[in-house]
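Observations on chain architecture
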Amino acid sequence: MNAEAARRSPAAAEDDGRKAQGDTQADTGSAREASSISLRALRKTFGRDVVALEQVDLDIRAGEFFTLLGPSGCGKTTLLRIIAGLEQADSGVLEVGGRDILSTPAHRRSVNTVFQSYALFPHLTVRENISFGLRMRRTPPEECHRRVEETASFIKIAELLDRGVEQLSGGQAQRVALARALINEPDVLLLDEPLSALDAGLRTELQLELLRTQKRLGMTFVFVTHDQEEAMVMSDRIAVLNDGRIQQLGSPEEIYERPENLFVARFMGHTNIYPVEPEGGGDRYASPFGTVEISAERTGSHMLLRPESLELLPAGETGTNCFPARVSERFYRGAAVEYRLECGRESVTATLTNRGQTHFRVGDEVTLALDTQSLVFLDP
Amino acid sequence: MNPATATGMSFLALVRQSWHVLATIGPGVVFIVIFLVLPSIMLMTVAFMTNGPYGLPEMPFTLQAFRELAGFGFLGWSPGNLYTLWRSIWQTAIATSLVILIAYPIAYYISTRPAHMQPLLLLIVIVPSWTNQVIRAFAWMNILAPGSAVTNAAYNLGFLSEYMGLFPSTFAVVLGLVYNFLPFMVLPLYASFQNLDHRLIQAARDLYATPVKAFFQAVFPQTLPGLMAGTVLVSIPAFGMYVIPDLLGGGKSSMIGNLVARQFSDASNWPLGGAAAMIMILATLLGLLVLRRVGRRAGGGREVVL
């Protein structure tokens, strides 16, 4: 999987990550491309009336960093466990690399998981943990040894190999769990909130490391998280889940900038959401602030204002989509300044990039200008 | 602060500390000294004394009792006592193994029941041990006596000749030991199963372990501490068991506990009894050492026993 990649400089390996993967797999005699995953009408219930997944259709591309994002209980972990084979779907189709594996038991699936709590075996050393999958598949000891050393140096944990699992810090345990899964060169790597137990600084560092590892190996990663920022940083594409359904599927930009419904908008951290009604023609809408005019035709029952797309002008400015407002709170964040505004009876958050302009003060009367290009119309 | 007060302070602190130590472990130490250390010293002393003409230990100190224990008597060498020791060892080993085989699935089953059912099921396992051991042994004598349903069934299946009972026999002794010590294995194993980390099983399954391999790689190591604790709790008292071999065993199945008891009663040979008791304690300690080593090896270098 990573012998070549480990020997090269990271930059070189990153250029042709997928090629490097192919090369080394040829070494071990099991050449393998990254695999796509395809889910059709997947359904899972617990007991009689708890529906965990309802008719999930999803295509995950080969070599993609794909994230399942949603609040706890939305079905994202269940979906991951079904792909791993740790949970049985009630009905549907699950194909990895074009082969239906829904009835294949977990131990025969070329899919490995990095668990939320790492689930390292406490009675084994780091080395024994990492080689577990190879040993279960009766890999000769010399090859085991060689691949453990390679993977350990690739993940940068070579000095931990002979430690016990109890002696590891959170970040180290996370790396060991990753190595234990990656060494098996699976078709797909599943990651179940692998960073949620770590403190913020380490978390950011490991996010980038994980992302670089994925790019270098060109392996398909399916990542589960409830943290929308983490999802946006890491993913090629995101599926937002709620109540066992996929709410929206798309790139981080699409999900954040053009959420398709209220749930996705709120989950992505948006708060400036207001009900609207068509007023006369197709380009005028009645909002709580007043009439909003838009250029292109759009439909929806709610309007979403992205805080960073709003403009604040001095009081008295007039024009289309300009509304009088008053600054009620101000938060200075260094790179940006966040304002809470009272606009009519509504509260609006506006984030202004700090370019050294004069800041408004609490109590100032201002004019709120909406940018029609970035206005998003939503259905509930 | 001058040096005098400093010494005074530290003296006070020392008194307070000693008082604290005394108050916490003092009563325990006194109890152990009076009821364990002193009797053990007495027992060891007796073991090296001579058996007098009236059945009381006398001076001088000799190794006579140990020679007798090894089988050297008036009529030359006989292996009877060594047989008894050996029989104690293998009967204990078989009984403990059977207890493990029976208790393991029971403990697992109980741990998988709904939380409100578990105490009740555990109670069912424990309740029999609330009855006196002697009474339970007598109950088994009835069950295994000639003419009982179980005995008739054994006869009809061809295991037994007519008019014979299933007791007294080695079978009855092992059965009695298994029955008696089962709860002592179920309880620690149940505790292990209750704390079982199911994520490790899933991790093993995810890493290509078949269900059977997942059991040996992920479940068994987690229950090892309970298993080892249970083995100690079962095998040590079973090895020194007196009542069960006495009532269910007859002469051919007696264990070292019976040998010791006989020397202090009918045979009136206290030095021999003391020597046998000493050997019993040594054998037990040796067994613990072996268990400790086995546990450490199986547990991947971690202390599992003691």
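Residues numbered from 1 in each chain as written. Chains lettered and ligands numbered in written order. Predicted model: local features only at pLDDT ≥ 70, side-chain atom pairs only at ≥ 80, totals over all residues. Heavy atoms only, no water.

Within chain A, the regular secondary structure consists of 12 helices and 21 strands. Considering only C-alpha atoms, chain A reaches an extent of 80 × 50 × 35 Å along its principal axes. Here chain A, with 380 residues, has 53% of them falling under the buried criterion. A separation threshold of at least 6 residues defines the contact pool for chain A, and within that pool the share at least 24 residues apart is 66%. (Helix = DSSP H or I, 4+ residues; strand = E, 2+ residues; numbered from the N terminus. Buried < 20%, exposed > 50% of the residue type's maximum accessible area, 1.4 Å probe, protein only. Contact = heavy atoms within 4.5 Å.)

We now examine the domain arrangement of chain B. Residue and element names in this part refer to chain B. Considered domain by domain, chain B is made up of domain 1 (3-69) and domain 2 (85-298). Measuring from the centre of the C-alpha atoms in domain 1 to the corresponding centre in domain 2 gives 33 Å. With 14 residues of domain 1 in contact, the opposing surface of domain 2 contributes 13 residues. Taken together, the links from domain 1 to domain 2 amount to zero salt bridges. (Domains from an automatic or database assignment. Salt bridge = Lys/Arg side-chain N within 4 Å of Asp/Glu carboxyl O.)

What follows concerns the interface of chain B and chain A. Between chain B and chain A, the contact holds 19 residues from the first and 26 residues from the second. When the two sides are added together, the surface that chain B and chain A hide from each other amounts to roughly 2100 Å², 59% of it contributed by carbon and sulfur. Looking only at chain B, the three residues that lose the most surface to chain A are B:Asp206, B:Leu207 and B:Tyr208, adding up to 38% of its buried area. There are zero salt bridges connecting chain B and chain A. Across the chain B-chain A interface, the total number found is eight residue pairs in polar contact (both at pLDDT 80 or more). Broken down by secondary-structure element, the contributors of at least two residues to the side of chain B that touches chain A are helix H8 (198-206) and helix H9 (211-239) of chain B. It is H8(B) that provides the largest number of residues to the side of chain B that touches chain A, a total of seven residues. Within the side of chain B that touches chain A, the residues separate by chemical class into nine nonpolar, five polar and five charged. (Buried area = accessible area lost by both parts, 1.4 Å probe. Polar contact = N/O pair within 3.5 Å; in protein donor to acceptor, adjacent residues only side chain to side chain. Nonpolar A, V, L, I, M, F, W, Y, C, P; charged D, E, K, R; others polar.)

Next up on the list: the pairing of strand S17 (residues 322-332) of chain A. Residues and elements named next belong to chain A. For S17 and strand S20 (residues 365-369), the ladder comprises five bridges, and the chain directions are antiparallel. Bridging from a neighbouring strand, Pro-324 pairs with Thr-367 of S20. Note: S17 against strand S18 (residues 336-343), six bridges, orientation antiparallel. Bridge pairing links Arg-326 to Glu-342 in S18. Hairpin connection from S17 to S18: three residues lie between these consecutive antiparallel strands, with Gly-334 at a positive phi of about 90°. (Pairing = 2+ DSSP bridges.)

The subject of this paragraph is the sheet that holds S20(A). All names here are of chain A. Within the open sheet, the five strands sit side by side as S16-S20-S17-S18-S19. Their pairing is antiparallel. The sheet terminates laterally at strand S16 (311-314) and strand S19 (346-353), the two strands that pair on one side only. Ignoring which end each strand starts from, the neighbouring axes of this sheet average 45° apart. (Axes fitted to C-alpha atoms, helices over the stretch in contact; angles between N-to-C directions.)

Each regular strand displays side chains that alternate between the two surfaces of the sheet. All names here are of chain A. Of all six residues in strand S8 (residues 220-225), six are buried, a share of seventy percent or more. Along S8, one buried face is formed by Thr-220, Val-222 and Val-224 and the opposite face, lined by Phe-221, Phe-223 and Thr-225, is buried too. Sheet topology places strand S3 (residues 65-69) next to S8; five bridges connect them, and they run parallel. Bridge pairing links Phe-65 to Phe-221 in S8. Summarising the sheet, strand S7 (residues 188-192) and S8 pair through five bridges and their orientation is parallel. From the neighbouring strand, Leu-189 faces S8, where its bridge partner is Phe-221. In this fold, the crossover linking S7 to S8 by way of helix H9 (residues 200-217) has right-handed handedness. (Right-handed = clockwise from strand over helix to strand, strands pointing away.)

Let us now look at the packing of helix H3 (residues 80-112) of chain B against helix H4 (residues 118-126) of chain B. Residue and element names in this part refer to chain B. Close contact between H3 and H4 brings their axes to 8 Å; oriented N to C, the two are set at 155°. When the axis of H3 is compared with that of H4, the two are roughly antiparallel. Our pair here, H3 against H4, has a crossing hand that is right-handed. Residues Ile-106, Tyr-109, Ile-110, Ser-111 and Thr-112 of H3 form the contact with H4, whose own contacting residues are Gln-118, Leu-121, Leu-122 and Val-125. Of the residues belonging to the contact of H3 with H4, the class tally is six nonpolar, three polar and no charged. (Parallel < 35°, antiparallel > 145°, perpendicular 65-115°, else oblique. Left-handed = near helix turned anticlockwise from the far one by under 90°.)

All right, on to the environment of A:Ala179 then. Residue and element names in this part refer to chain A. Tracing the backbone shows Ala-179 in helix H8 (residues 170-182). Judged by its relative accessible area of 0%, Ala-179 falls in the buried class. A sequence separation of 103 residues divides Ala-179 from Lys-76, and the C-alpha atoms of the two residues are 23 Å apart. Discounting residues that sit within four places of it in the chain, Ala-179 has contacts with Ile-130, Thr-151, Ile-155 and Ile-157.

Attention now moves to the side chain of A:Thr367. All names here are of chain A. Among the secondary structure elements, Thr-367 is positioned in strand S20. Looking at Thr-367, its side chain comes within polar contact range of the main-chain oxygen of Pro-314, at 2.9 Å. Discounting chain neighbours no more than four positions away, the residues touching Thr-367 are Glu-311, Leu-312, Leu-313, Pro-314, Ala-315, Gly-316, Glu-317, Cys-322 and Phe-323.

Our focus in this paragraph is unusual backbone geometry. Residues and elements named next belong to chain A. Located in the positive-phi region is Gln-55, a residue other than glycine, with phi close to 50°. Positioned with a positive phi, Lys-156 is a non-glycine residue whose angle comes to about 65°. Of note, Lys-156 is situated in the loop between helix H7 (141-155) and H8.

By the definition in use, this model includes 20 aromatic pairs over all chains. Both rings, one in A:Phe65 and one in A:Phe221, keep their centres 5.6 Å apart while their planes meet at 45°; by these two values the pair is tilted. Of this pair, A:Phe65 sits in strand S3 while A:Phe221 sits in strand S8, and the two are 156 residues apart along the sequence. Three or more aromatic residues joined by ring pairs make a cluster, and in this case those are B:Tyr104, B:Tyr108, B:Phe193, B:Phe215, B:Phe216 and B:Phe220. (Phe/Tyr/Trp six-rings, centres within 6.5 Å; stacked < 30°, edge-to-face > 60°.)

Let us now look at the domain arrangement of chain A. As a measure of interface size, the accessible area lost when the parts come together is often cited. Residues and elements named next belong to chain A. Split into domains, chain A comes out as domain 1 (6-266) and domain 2 (273-373). Computed from C-alpha atoms alone, the centre-to-centre distance between domain 1 and domain 2 is 41 Å. The interface of domain 1 with domain 2 comprises six residues on the first partner and five residues on the second. Counting the surface lost from both domain 1 and domain 2, the interface buries some 460 Å², and carbon and sulfur atoms represent 71% of this. Its largest share of buried area at the contact with domain 2, domain 1 owes to Tyr-256, Glu-257 and Leu-262, together 69% of the area lost on that side. Counting every contact that joins domain 1 to domain 2 gives zero salt bridges.

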